[in-house]
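Coordinate inspection notes
Residues per chain are reported as follows:
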Amino acid sequence: MAKVDVRKNRAEMPERRNVLRKVISPTVTEVAVEIKTETPEVHYLKVQGLFEEGRKEVPFLRLKGKWMREAGIVEDSYVSVTVMEGLLLIRRVRSKVG
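All values reported here derive from a predicted model rather than from experimental measurement. (Residues numbered from 1 in each chain as written. Predicted model: local features only at pLDDT ≥ 70, side-chain atom pairs only at ≥ 80, totals over all residues. Heavy atoms only, no water.)

Quick look at the overall build of the chain
For the record, the criterion: Counting from the N terminus, the helices are DSSP H or I runs at least four residues long and the strands are E runs at least two residues long. Throughout this description, buried means an accessible area under 20% of the type-specific maximum (1.4 Å probe, protein chains only), exposed means over 50%, and partly exposed covers the range between. Working definition of accessibility: Shrake-Rupley area with a 1.4 Å probe, residue cover restricted to the visible protein chains.
Per the secondary structure count, the chain includes 2 helices and 6 strands. Element order for the chain, N to C, with α for helix and β for strand: α-β-β-β-β-α-β-β. For the chain, the residues scored as buried account for 4% of the 98 residues in total. When the accessible surface of the chain is split by element, carbon and sulfur atoms take 53% of a total near 9,900 Å².

Next comes the structure, spelled out in structure tokens:
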């Protein structure tokens, strides 16, 4: 396998902020993949309790704000919620599943 001088190739690449570049083939320096990276925006919300009829109190979290629209989550759209211990991951989906 041919070795590529990374310092030489790096000089040819234009400087871009928050962009990672990975050369796919060491023989073809023109082929590259750009991966956009961004710093997550963190919002702190208080989890409250909500009594449902005939049940015990359950955790309740209300999400609202312009930041949701900026993330592509708008009125009448659908999201998926992935649940793991200590983590809720909310993602926009194209349509209702199920």
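Things to note about the environment of Ser-77
We apply this condition: Whenever a nitrogen or oxygen atom comes within 3.5 Å of another N or O atom, the pair is scored as a polar contact, on the condition that within protein one atom can donate a hydrogen and the other can accept it, and that pairs from neighbouring residues in sequence are kept only if both atoms are in side chains.
Note that Ser-77 resides in the loop between helix H2 (66-70) and strand S5 (78-84). Since its relative accessible area comes to 28%, Ser-77 is described here as partly exposed. In the structure, Ser-77 is positioned 15 residues away from Arg-92 in sequence and 7.5 Å away in space, judged by C-alpha atoms. There is a polar contact of 2.5 Å between the side chain of Ser-77 and the backbone oxygen of Val-74.

A closer look at the confidence of the model for the chain
If pLDDT is low for a region, its predicted coordinates should not be looked at in detail. Our working definition: Per-residue confidence from the predictor is reported as pLDDT, a score between 0 and 100.
Per-residue pLDDT for the chain has a mean of 76; in total, 65% of the residues score no lower than 70. Per-element mean pLDDT across the chain ranges from 48 in helix H1 (residues 6-12) up to 93 in S5.

Here we look at a nonpolar patch on the surface
Quick note on the threshold: Here the term patch refers to residues with relative accessible area over 30% and no salt bridge, with like charges joined within 9 Å and nonpolar side chains (Val, Leu, Ile, Met, Phe, Trp, Tyr) within 5 Å. Each salt bridge in this description consists of a side-chain nitrogen of Lys or Arg and a carboxyl oxygen of Asp or Glu lying within 4 Å of one another.
A contiguous nonpolar patch, built from Leu-45, Val-47, Leu-61, Leu-63, Val-79, Val-81, Val-83, Leu-88 and Ile-90 and spanning about 750 Å² of accessible area, is present on the exposed surface. Here the element with the most residues in the nonpolar patch is S5; it accounts for 3 residues. Counting through the fold element by element, Val-81 comes out in strand S5.

Comments concerning the pattern of salt bridges
A pair can form between side chains of opposite charge whenever their charged atoms are brought close. Going through the model one piece at a time under the given rule, you end up with 1 salt bridge. Note that Glu-75 is salt-bridged to Arg-69, the shortest N-O span being 3.1 Å. Residue Arg-69 is classed as partly exposed on the basis of its relative accessible area, which comes to 49%.

Observations concerning the pairing of strand S6 (residues 87-93)
Short version of the rule: Strands are labelled as partners when DSSP assigns at least two bridges between them.
When S5 meets S6, the two strands line up antiparallel, connected through 7 bridges. Looking at the pairing, Val-83 lines up with Leu-88 of S6. Where S5 folds back onto S6 in an antiparallel hairpin, the turn is made up of 2 residues, including Gly-86, whose phi is positive at roughly 75 degrees.

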